[in-house]
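# Notes for the structure review
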Amino acid sequence: MVKFDANMVDNSENEVLFLLSNEAIARGAVEAGVRVATTYPGTPSSEVGDTLSHIAGKSGMKFQFSINEKVAIETAFAASISGQRSMVFMKHVGLNVASDPFMSIAYTGVRAGMVVMSADDPSMYSSQSEQDNRHYADLAHVPMIEPSNPQEAKDFLVLAFDLSEKFKLPVLFRTTTRVSHMRGAVTPGKIREGQPDTGVFIRDIHEFVCLPSNSYTLKEKLIEKEHELKKESDISPMNRIIRKGTGEYGIIASGAAYNSVMDVISEYDLDISVLKLGFTNPLPESAIVKFISDNKKVIIIEELDPYLEYKIRTIAQMNKLDSTIFGKLDGYFSESHEFTPDTVAHSLSRIMGFAVQDVPENKLVLPARPPVLCPGCPHRATYYAVKRAVKMMNKTDTIYASDIGCYSLGLYDPYEEADTMISMGSSIGMANGFAMSTKQKVIAFIGDSTFFHSGIPPLINAVHNKLNMLVMVLDNGTTAMTGQQPNAGENFSPPGDELPPVSIENIARSIGVADVQIVDPYDIKETLKAVTKALRENTLSVIVARRECAILRDKAMQKTHRVITYTVNQDKCGKCMNCVENFACPAISIEGGNIKIDSNICDGCGVCAEPYVCPFKAIEVAQ
Ligand code: SF4
Ligand code: SF4
């Protein structure tokens, strides 16, 4: 790690680094002389923040895991208009949260370069939707850059900063999962020297105050800039002809789809020209007109929406070009999910008429495993206690509103405590609606990071409207799902500086929640008592179930070389199956009719040994 950190911030241009695109983006930020970088962690963008949290200080950059994406973009914007290059990055749905200021920032423009990175997730590997954020570039009238590999991720980021400064606009830098998580050789470039360590803001109320009278003029300027940007796109090295065919077929592609296209062309030795687009808003109109004129049949290959296709078909029509265009709108390519070389080959074969070799089916069948909470996860104990309390009180029509985070796994058997989950903070927001429109008891589950991100406003709404619900804040002291990034509840920043932690219970009390309890979820009895009290009282209650993430606990234990595991005393086991069927720690299984604990994955939390889980007290510390 030390060598990696050093290589990431030094100025040697000769040593080739082997990086994920997300790591290359972090290096690009260093090369571009970024002084302020902000984010809210979200896969597939997380490694940018994880890398910057190690190297930012060494490169003179201030880096922050912000409380949410809106705060992150506003923080970065203030740095930019104070003369410091700034970068903000997030997953695609994070840009929805940040979209309100993003639209206004396009109007005001920026001073020092500012890049907004959106990491989109075709096929939804870790997301609730696969929205295509290229539309945000159109919506905001800002330039958009799309790299296809780690080298481009770094190089294009540096170019994006230059572009941002030249046009005084934020630049949308869009990756997708497949690009963000691709690893490859990256040749570092020179680090831009002379960036100011401290910003200075010079006031100009006509520039930065979006009153209607100002915005009216700013909109006109924005459209003028967009026209100028078209010329820039036409001469940009990010848009280029990669390969020339004989003029029968041409492909226009960008991002991850371009990689699949090149694989297929090489595999089938196709006679085809390729126009690769990296600067995708506005499009290089002259280059596209020439490319279409040079090829009789043009195929547009892009993942998700027909974003390029609509624009390119418009360009062709406006310029009265008579080449035939193929794409998604005529059904040759899918509008959902990411592409593979195989899917691209099949679609191309329908257009070009070559025979496709079917990829041999992968004979290695992996066992189907439902996603599970980790062994020792405190959320399991919370879900177990809540389910038991609800059952004891016979609240058969309870509604469980869940949220984004590890605890969304509470959806699965045997807990089944997630009836809804749509976006960050939506558990408490939807609980508001259920409490208003039904007579059922509502329990909202939310994590600590998500609470800070967007759980506080709906809780204020619930207090103000006297709504009856139980809010369970599952506080494991980290943003666990994206890789243990710190949040406002902790007392340190990424490089290890001490910071004041923000108290969830104090927030709840200060906005008027009268019934606030704090429990240790490993103490099932205490948690049961708190939940039953809250369910009985028919009011707004908040329970903070606080216990650190099992992964953090494991790391701390490994340092002390104290490894405790549990085992089942077969003489005492009454074969009631409660530990397997209702508690369901993945370390516990049935083998030959007996209950076994796998010492390789048991992390020694000891919750299964509680009499509320094992009534026969058969689970003991392994000797
Ligand atoms: S002690 Fe029990 S509950 Fe905890 S990890 Fe081990 S088997 Fe699972
Ligand atoms: S809960 Fe205890 S008694 Fe029941 S099956 Fe598990 S180990 Fe045996």
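Just so it is clear, the model here is predicted, and its values are computed rather than measured.

With respect to spatial proximity, the complete set of residues near ligand 2 consists of V568, C573, G574, K575, C576, M577, C579, I595, V613, C614, F616 and I619. Across the shell around ligand 2, the residue classes break down as ten nonpolar, one polar and one charged.

Turning next to the sheet that holds strand 11 (residues 273-277). With mixed pairing, five strands are arranged side by side in an open sheet as 9-11-10-13-14. Pairing within the sheet leaves two strands with one partner each, and these edge strands are strand 9 (240-243) and strand 14 (324-326). For this sheet the average axis-to-axis angle between neighbouring strands, irrespective of direction, equals 25°. Examined bridge by bridge, strand 9 and strand 11 share three bridges and lie antiparallel to one another. Counted as the bridge partner of I241 is L275 from strand 11. Most of the contacts of helix 11 (residues 255-268) go to strand 10 (residues 249-254), to which it runs at about 145°, and overall it touches strand 9, strand 10, strand 11 and strand 13 (297-301).

Turning next to the UniProt feature "binding site: [4Fe-4S] cluster 1" (unreviewed entry) in the chain. UniProt's entry tags C573, C576, C579 and C614 with the feature "binding site: [4Fe-4S] cluster 1" (unreviewed entry), counted in the numbering of this structure. These annotated residues cover 42 residues of sequence, and their C-alpha atoms lie no more than 10.7 Å from one another, placing them together at a single site. Position of C573 among the secondary structure elements: in the loop between strand 20 (566-568) and helix 21 (578-583). Aside from chain neighbours lying at most four places away, what touches C573 is V568, I595 and A618. Structurally, the position occupied by C579 is in helix 21. Of the residues examined, C579 reaches a relative accessible area of 9% and is grouped as buried. Ignoring sequence-local partners within four residues, the contact set of C579 consists of A584, C585, I588, I595, V613 and I619.

On to the domain arrangement of the chain. You'll often see interface size given as the accessible area lost when the parts meet. For the chain, the assigned domains are domain 1 (1-235), domain 2 (240-352), domain 3 (378-557) and domain 4 (563-622). For domain 1 and domain 3, the distance between their C-alpha centres works out to 33 Å. Every contact between the two is made by 14 residues of domain 1 and, on the other side, 15 residues of domain 3. Between domain 1 and domain 3 lies a buried interface of about 1,100 Å² when both sides are counted; carbon and sulfur atoms form 61% of it.

Among the structural elements, T478 can be located in the loop between strand 17 (469-475) and helix 18 (504-510). Assessed through its relative accessible area of 2%, T478 is described here as buried. Side-chain polar atoms of T478 contact the backbone oxygen of Q484, separated by 3.4 Å. For T478, the residues in contact, after removing those within four places along its chain, are D448, S449, Q484, Q485, N487, E490, C549 and L552.

Time to look at the packing of aromatic side chains. This model, assessed by the stated rule, comprises 13 aromatic pairs. When the centroid spacing of 6.1 Å and the interplanar angle of 70° are considered together, the rings of F77 and F208 count as edge-to-face. Separated by 131 residues along the polypeptide, F77 in helix 4 (residues 69-81) and F208 in helix 9 (residues 205-208) bring together distant segments of the chain. Overall, the relative accessible area of 14% leaves F77 in the buried class. A relative accessible area of 15% means that F208 is categorised as buried. Residues F201 and F208 carry aromatic rings whose centres are separated by 6.0 Å and whose planes lie at 55° to one another, so their mutual orientation is tilted. Take F201: its relative accessible area is 43%, and that puts it in the partly exposed class. One aromatic cluster is present, built from ring pairs that chain together Y383, Y400, Y415 and F445. The ring of Y258 has K276 sitting right over it, with the charged end atom 5.1 Å from the ring centre.

What follows is about helix 4. The end-to-end C-alpha separation of helix 4 is 18 Å, in line with the 18 Å expected for 13 residues at 1.5 Å each. Buried residues of helix 4: E69, A72, I73, A76, F77, A79, S80 and I81, and no others. Its side-chain oxygen 3.0 Å from the backbone nitrogen of K70, N68 forms the N-cap of helix 4. Remark: G83 follows helix 4 within two positions and exhibits a positive phi of approximately 95°.

Attention now moves to unusual backbone geometry. Cis peptide bonds are those with omega within 30 degrees of zero, and the linkage from N281 to P282 qualifies with -10°. Mapped onto the secondary structure, P282 falls in the loop between strand 12 (279-281) and helix 12 (285-294). One non-glycine residue, M124, lies in positive phi territory at about 55°. One can find M124 in the loop between strand 5 (114-120) and helix 6 (134-140). Phi at A584 is positive, roughly 60°, even though this residue is not glycine. For A584, the location among the structural elements is in the loop between helix 21 and strand 21 (588-591).

On the surface, a nonpolar cluster with roughly 240 Å² of combined accessible area is contributed by I205, V209 and L211. With respect to the helices and strands, I205 occurs in helix 9.

Across the sheet, five strands lie side by side as 15-16-17-19-18; this open sheet has parallel pairing. For this open sheet the edge positions go to strand 15 (399-401) and strand 18 (515-519), each flanked by a neighbour on one side alone. Put simply, the sheet's adjacent strands are angled 20° from each other on average, direction ignored. Against the sheet, helix 15 (residues 378-392) engages strand 15, strand 16 (442-447), strand 17 and strand 19 (540-546), with an angle of about 160° to strand 17. This element, helix 16 (residues 426-437), spans strand 15, strand 16 and strand 17 of the sheet and lies at about 170° to strand 16.

At a minimum axis distance of 7 Å, the contact between helix 16 and helix 17 (residues 448-464) shows a crossing angle of 20°. Relative to helix 17, helix 16 is oriented roughly parallel. Considering only the axes of helix 16 and helix 17, their crossing is left-handed. Judged by residue contacts, I428, G429 and N432 of helix 16 engage F451, G455, P458, L459, N461 and A462 from helix 17. Class assignment of the residues belonging to the contact of helix 16 with helix 17 gives a composition of five nonpolar, four polar and no charged.

Burial analysis of strand 19 places six of its seven residues in the buried class, which makes it a mostly covered element. By the bridge criterion, seven bridges tie strand 17 to strand 19 in an arrangement that is parallel. Note that in strand 19 the partner of M469 across the bridge is L540. Of the crossover connections in this fold, the one passing from strand 18 over helix 19 (residues 524-537) to the parallel strand 19 is right-handed.

About the thresholds
Residues numbered from 1 in each chain as written. Chains lettered and ligands numbered in written order. Predicted model: local features only at pLDDT ≥ 70, side-chain atom pairs only at ≥ 80, totals over all residues. Heavy atoms only, no water. Near = heavy atom within 4 Å. Nonpolar A, V, L, I, M, F, W, Y, C, P; charged D, E, K, R; others polar. Pairing = 2+ DSSP bridges. Helix = DSSP H or I, 4+ residues; strand = E, 2+ residues; numbered from the N terminus. Axes fitted to C-alpha atoms, helices over the stretch in contact; angles between N-to-C directions. Contact = heavy atoms within 4.5 Å. UniProt positions renumbered as here; feature names shortened; annotations may be inferred. Buried < 20%, exposed > 50% of the residue type's maximum accessible area, 1.4 Å probe, protein only. Domains from an automatic or database assignment. Buried area = accessible area lost by both parts, 1.4 Å probe. Polar contact = N/O pair within 3.5 Å; in protein donor to acceptor, adjacent residues only side chain to side chain. Phe/Tyr/Trp six-rings, centres within 6.5 Å; stacked < 30°, edge-to-face > 60°. Lys NZ or Arg CZ within 6 Å of the ring centre and 35° of its normal. Expected span 1.5 Å × (residues − 1). Patch = residues over 30% accessible without salt bridge, like charges linked within 9 Å, V, L, I, M, F, W, Y side chains within 5 Å. Areas by Shrake-Rupley, 256 points an atom, 1.4 Å probe, with all protein chains shown as cover. Salt bridge = Lys/Arg side-chain N within 4 Å of Asp/Glu carboxyl O. Parallel < 35°, antiparallel > 145°, perpendicular 65-115°, else oblique. Left-handed = near helix turned anticlockwise from the far one by under 90°. Right-handed = clockwise from strand over helix to strand, strands pointing away.

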